[in-house]
Amino acid sequence: MLAKNTIQVFEHNFLPIEKDGFEQHHFVALSKLNALHDYQYFDLKHNGVVFKQFVGVIQIDGLTIEILPKVDKNEDDNEDSKKKWQSVLIEMLRVTKKLKIQQVGQANVTKQSIHLLDIYFEWFLNEMQLLIHQGLIKQYYKETGNVKALKGKLEFAGHIQKNLVHKERFYTTHQVYDKDHLIHQVLGQALEIISTLSKGNYLYSKCKTVQLDFPEVKAINANENTFSKIPKSRKTAPYENALSIARLIILNYAPNISSGSEKMLALLFDMNSLWEEYVLVRLKQACQDGDIEVYGQNSKGFWNGITICPDIVLEKKLDDYKKEVLIIDTKWKNIDQSKPSTHDLRQMYVYNEYWESRKSVLLYPSNDKHFNGFIGFEKIHENDHHQCGLAKVSVFKDDMNTLNADLGKDILQIF
């Protein structure tokens, strides 16, 4: 059961203003967010929003909008369907290591709320509790200010300016060794964001408990550049998970957009990329103990600094001199009523040429548990060396409610 201030919609669907608590001020805030990201997340209409291929979650002014994937546009938009596709999204994020939970059913959520943002927040808070239990590290950093004993480097100009009367003080730059360093300042900022956005739900008290156990640190406004300055060492290795989630939260949090009062967090993923990564992981699992090598994003130079890069390359060694190559390009869309675009076919022709592959495949998801297979395997330009096939693989197991963990094996059987 979802909280009353949560809306679930599907990718490419339309959400009108005044429906399910989606008000005009939410629409205005989303338009500002979209402008910040080059209008890639959704299309704005005069009376609502049309979502694109991005899935995930947006929270704004207490309203949570969860955008779910879906293969078949004709599928019913009922609660059972939304629950099923929410599980698909969470499991895909887990398998591709964008989310860490044991499995969808084990996410520690209450009956009051079960949306993606809570799961990310809880993951971060669990990581923080683990770090606090293990013991937070101290680090050296430089501090400039007045001290009562001379240590470090005396800042002469500042010393004259500030201590003309107070002869007993020294204005210096010196090293300090404690817990108020950049890593903890970043984590403290992420905790403050979670505290702001989780008011009213079950995570708020957990966040406050973590904040009480966390040392007082200087408040900062971290940006992309801040994360590049964080040192990496054996000592900071336990912080990697917490920092990666903190980065996701901080860089996607947009308070006071364009002088407004909205506090907004958007964790959105391109479904085309997510499907590609999911297929790649499942194929690598299926080929783990076999004689087929699996490569993702294997790029080659094309023209004047431009590279080309198929989604997935399967390579099987036949002997010391020969190998069989298959190119896979993943497409997250329903192909039932249409044909591949001319652009896609041209792309596959070039991949065949550059990777010396006779066959390439455009791979689509299927919502039909009874169908896994090829839809033809046609020559491109009457050339045996250039063949392209269309293939569909079922997203679900036979129960049609669980994501198909054997998808990689199914793809290999098709080929």
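A brief look at the structure comes next.

Conventions we followed
- Residues numbered from 1 in each chain as written.
- Predicted model: local features only at pLDDT ≥ 70, side-chain atom pairs only at ≥ 80, totals over all residues.
- Heavy atoms only, no water.
- Helix = DSSP H or I, 4+ residues; strand = E, 2+ residues; numbered from the N terminus.
- Contact = heavy atoms within 4.5 Å.
- Areas by Shrake-Rupley, 256 points an atom, 1.4 Å probe, with all protein chains shown as cover.
- Salt bridge = Lys/Arg side-chain N within 4 Å of Asp/Glu carboxyl O.
- Buried < 20%, exposed > 50% of the residue type's maximum accessible area, 1.4 Å probe, protein only.
- Pairing = 2+ DSSP bridges.
- Axes fitted to C-alpha atoms, helices over the stretch in contact; angles between N-to-C directions.
- Phe/Tyr/Trp six-rings, centres within 6.5 Å; stacked < 30°, edge-to-face > 60°.
- Lys NZ or Arg CZ within 6 Å of the ring centre and 35° of its normal.
- Parallel < 35°, antiparallel > 145°, perpendicular 65-115°, else oblique.
- Left-handed = near helix turned anticlockwise from the far one by under 90°.
- Nonpolar A, V, L, I, M, F, W, Y, C, P; charged D, E, K, R; others polar.
- Core = buried A, V, L, I, M, F, W, Y, C linked by side-chain atoms within 4.5 Å.

Turning our eyes to something else, we now look at the overall build of the protein chain. Helix and strand counts for the protein chain stand at 11 helices and 18 strands. Contacts spanning at least 24 positions in sequence make up 64% of the contacts within the protein chain whose residues lie at least 6 apart. If you sum the accessible surface of the protein chain, you get close to 22400 Å²; carbon and sulfur atoms cover 48% of it.

Time to look at the pattern of salt bridges. For the structure on display, the rule yields 11 salt bridges. The partner of Glu277 in a salt bridge is Lys98, and the shortest N-O contact between them spans 2.5 Å. Pair noted here: Glu277 is in helix 9 (residues 271-286) and Lys98 is in the loop between helix 2 (79-95) and helix 3 (116-134), with a separation of 179 residues, a long-range link. Residue Glu277 is classed as partly exposed on the basis of its relative accessible area, which comes to 29%. Judged by relative accessible area, which is 23%, Lys98 ranks as partly exposed. When the shortest N-O distance is used, the salt bridge between Asp291 and Lys316 registers 4.0 Å.

In this section: the sheet that holds strand 10 (residues 264-270). Sheet strands pair via backbone hydrogen bonds, and the direction of the pair is either parallel or antiparallel. Across the sheet, 4 strands lie side by side as 1-6-5-10; this open sheet has mixed pairing. At either margin of the open sheet sits one strand with a lone partner, and together these are strand 1 (6-10) and strand 10. On average, each strand axis in the sheet is inclined to that of its neighbour by 10°, with strand direction left out of account. Across 5 bridges, strand 5 (residues 54-60) lies against strand 6 (residues 63-68) in antiparallel orientation. Counterpart to Gly56 in the pairing with strand 6 is Ile67.

The next subject is the environment of Phe10. Here Phe10 is to be found in strand 1. The buried category is assigned to Phe10, whose relative accessible area is 0%. Along the sequence, Phe10 and Ile67 sit 57 residues apart, while their C-alpha atoms lie 5.4 Å from each other.

This part covers the packing of aromatic side chains. Overall, the coordinates contain 9 aromatic pairs when judged by the stated rule. The ring of Phe396 is capped by Lys84, whose NZ or CZ atom sits 4.7 Å from the centre of that ring. The ring of Trp355 has Lys300 lying over it, and the distance from NZ or CZ to the ring centre is 4.9 Å.

The next point concerns the sheet that holds strand 4 (residues 48-51). In spatial order, the strands read 2-4-3; together these 3 strands make up an open sheet with antiparallel pairing. Of all strands in the sheet, those bounded by a partner on one side alone are strand 2 (14-16) and strand 3 (42-45). Pairs of neighbouring strands in the sheet enclose a mean axial angle of 20°, with direction left out of account. Of the pairings in the sheet, the one linking strand 3 to strand 4 comprises 4 bridges and is antiparallel in character. Bridged to Leu44 within strand 4 is Val49.

What follows deals with the packing of helix 5 (residues 182-197) against helix 8 (residues 240-251). Contact pair helix 5 / helix 8: the axes reach a minimum separation of 9 Å and the direction vectors enclose 55°. With respect to helix 8, the axis of helix 5 lies oblique. By crossing handedness, the relation of helix 5 to helix 8 is classed as left-handed. Of the residues in helix 8, those touching helix 5 at Ile183, Val186, Leu187, Gln189, Ala190, Ile193 and Ile194 are Ala242, Leu243, Ala246, Ile249 and Ile250. The residue inventory of the contact of helix 5 with helix 8, partitioned by class, reads 11 nonpolar, 1 polar and no charged.

Turning next to the nonpolar core. Among the nonpolar cores identified, the biggest contains 77 residues, and Met92, Tyr120, Phe124, Met128, Val186, Leu187 and Trp275 are the most heavily contacted of them. Broken down by element, this core gets its largest block of residues, 10 residues, from helix 3. The contact partners of Trp275, leaving out residues within four places of it in the chain, are Met92, Thr330, Lys331, Trp332, Leu363, Tyr364, Pro365, Val393, Val395 and Leu407.

Attention shifts here to the side chain of Thr64. Note that Thr64 resides in strand 6. Residue classification places Thr64 among the buried positions, given a relative accessible area of 2%. Thr64 has contacts with Asn5, Thr6, Ile7, Val57, Ile58, Gln59 and His115, leaving out every residue within four places of it along the chain.

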